[in-house]
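If you want the building blocks of each chain, they are given just below.
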Amino acid sequence: MKETKKAMQDKGIRWHDDLEVDIPHARVRRGGKQLALSDLTARLFFVLADKSPAPVSAAQLSALVWDGAFVSDETIAQRVKLLRQALDDNARSPRYVETVRGQGYRLVPPTPPKNPTYKKPFFIAIFAVALAGLVMVAVFRNEQAGPREALPPAGEADQAVILAQAHRYLSGHRPDGVDAAIGLYRRALETWPGNTRARIGLSFALSTRATKISDSKADVREAEALARAAIADAPADGNAWHALGYALDGQGRVDDALSAYLRAHELAPGERSAASSAAYLLAIRGRYYDALKLEVTVLGGRDQSRYADLQIAEALDLLGYPEVASRWHEKALMLNPGDPMVTGGAIMSALRRGGIGRAEQLYGTLQSDAISTPKVRKLHGYILLARGDLTAAAQAFEEGYMHTAILELQGGGTAAGTLPQADDVTWPGQYFDEACVFAARGETEKALNSLGQAIDLGWRDAGQMAFMPCLDHVRATPPYEALMKRISKDIAFQRELVESDKGLRHTLGFDSAGG
């Protein structure tokens, strides 16, 4: 005797239009014939089926289908498209999978059985079936994708969804997204105090806002405290050490940050971004060969640092390989269109070569939300300085050493004196900016001393020194020429190391560039 839909539903089988969805056994049939769905497509289908009729957000899909790994909205949309194709569905007039604007996707509600009886035992049975369904989905995923942990309890599932969404917001490095990520991480810590993942995530988000957007000192100090708290709870957590390195990096504490990054890479060698961050600081120290060697070991793959290509381009540019550097800059721009950091690196490269028009063209590609941030306004300030427009440049910098230097050049600066400098700051760029202020004031000896400190700490950007108007009077002095010779000598040695390493040159594309 053929089973009724009511009896089948009692066994955990639902009907979505003409689809017979057997959640306990992770099977879907149409007309008695089982449909073949590939691994990820099947996982997507049964997540939607389990949540139906509610829509499932991109963050939830990221957590439940891709196990919390970051996936773009486009990747999710493509997987939904594959599911629709497998079901012979149409996105414009869907029978099975609907797009719910602003909320995600859902499987059309199951068809209710005829003449249901709403008695207490019925609800108990349905609850048991639903629970069994969740267990079977977990079994299905394990069988199809190898050993995995069981589905987490509801509280942990909510936690995973919130943290995955925060990660998605943060990964775009957009100002509004970073702020949204910070809000979600704070909410997670309020709900689950002491959660290590939330602490680390909030630390990263605060450091990102400080270093990429706002220059906020308070953010990086809080980020350091969070990272240290995470390390206290989990001393062998590579991500916690990476977060600490990022926070120290944002405070200009180069050597401490470098040590933390290298410790993170040691604890989690598969996490490439910590090694890439260490490579960046090696370049800041003027150790370009070591930076390039480390960077190329972690190139490629989904978890490659978004700034790896940019950092390679910067090192090659400062070493005097413009053709090869340009190729890496173009690759970085292609993979990260509109990213302020990537575009900013290309702008500074153009200014070093006297390409003010190219710099302005690149600046014009940035979106309005990026242009409004302090970091990007300062970037525009350098373009204006190269043009000689001091008034507009002063407005762009707003505050800080460079703002003070411009005011001094215009005759409206402060009284001469020692500028504030934190004892633990070992960032060469800060001493360079200090030199600009002293030079603009006419305090040549102090300016040269600050330039010497910057070079001691790794400053090698002779190209930027050439277009800064604050250094005009200092350039004609013999001590300045001696400093330039120091830079040239150090660059020549780094080039010698690169020239001796055929494998590195091949990886970097010297063969195709003829360099």
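Relevant structure appears above.
Residues numbered from 1 in each chain as written. Predicted model: local features only at pLDDT ≥ 70, side-chain atom pairs only at ≥ 80, totals over all residues. Heavy atoms only, no water.

A. Focus on unusual backbone geometry. Here the amide bond leading from S52 into P53 is cis, since omega sits at 15°, within 30 degrees of zero. Considering the arrangement of structural elements, one finds P53 in the loop between α2 (39-51) and α3 (58-64). Of note, D88 is a non-glycine position whose phi angle comes to about 55°, a positive value. With respect to the secondary-structure elements, D88 resides in the loop between α4 (73-87) and β5 (97-100). With relative accessibility at 61%, the residue D88 sits in the exposed group. With phi around 65°, D215 is a residue other than glycine that occupies positive phi space. Along the chain, D215 turns up in the loop between α8 (196-214) and α9 (217-233). (Helix = DSSP H or I, 4+ residues; strand = E, 2+ residues; numbered from the N terminus. Buried < 20%, exposed > 50% of the residue type's maximum accessible area, 1.4 Å probe, protein only.)

B. Examining the packing of aromatic side chains more closely. Tallied over the full model, the rule gives six aromatic pairs. Measuring from centroid to centroid gives 6.2 Å for Y280 and W427, while their planes differ by 45°, and the two rings are tilted. Of the two residues, Y280 sits in helix α12 (residues 272-284) while W427 sits in the loop between α21 (401-409) and α22 (428-441), which places them 147 residues apart along the sequence. Aromatic side chains Y382 and F397 sit 5.2 Å apart centroid to centroid with 85° between the ring planes, which places their arrangement in the edge-to-face category. Residue Y382 is found in helix α19 (residues 374-387), and its partner F397 is found in helix α20 (residues 390-397); the two are separated by 15 residues along the sequence. Exposure class is identical for Y382 and F397. Each is buried. (Phe/Tyr/Trp six-rings, centres within 6.5 Å; stacked < 30°, edge-to-face > 60°.)

C. Representation of helix α15 (residues 322-335) in the model. An ideal rise of 1.5 Å per residue puts 20 Å on 14 residues; α15 measures up with 20 Å between its terminal C-alpha atoms. Along α15, the residues classified as buried are V324, A325, W328, H329, A332 and L333. (Expected span 1.5 Å × (residues − 1).)

D. Seen up close, the sheet that holds strand β1 (residues 13-16). Strand order in this open sheet of four strands is β1-β2-β3-β4, and the pairing throughout is antiparallel. Both outer strands of the open sheet, β1 and β4 (33-34), are each paired with one neighbouring strand and no more. Across four bridges, β1 lies against strand β2 (residues 19-22) in antiparallel orientation. Its bridge partner lying in β2, W15 is registered against E20. Packing against the sheet, α2 makes contact with β1, β2 and β3 (27-30), and its axis sits at approximately 90° to β2. (Pairing = 2+ DSSP bridges. Contact = heavy atoms within 4.5 Å. Axes fitted to C-alpha atoms, helices over the stretch in contact; angles between N-to-C directions.)

E. Expanded view of the packing of α12 against helix α13 (residues 288-297). Packing of α12 against α13 leaves a shortest axis separation of 7 Å and a crossing angle of 165°. In this view, α12 runs roughly antiparallel relative to α13, as classed from their interaxial angle. Once α12 is placed against α13, the crossing between them reads as left-handed. Of the residues in α13, those in contact with A275, S276, A278, A279, L282 and A283 of α12 are Y288, D290, A291, L294 and E295. Within the contact of α12 with α13, the residues separate by chemical class into eight nonpolar, one polar and two charged. (Parallel < 35°, antiparallel > 145°, perpendicular 65-115°, else oblique. Left-handed = near helix turned anticlockwise from the far one by under 90°. Nonpolar A, V, L, I, M, F, W, Y, C, P; charged D, E, K, R; others polar.)

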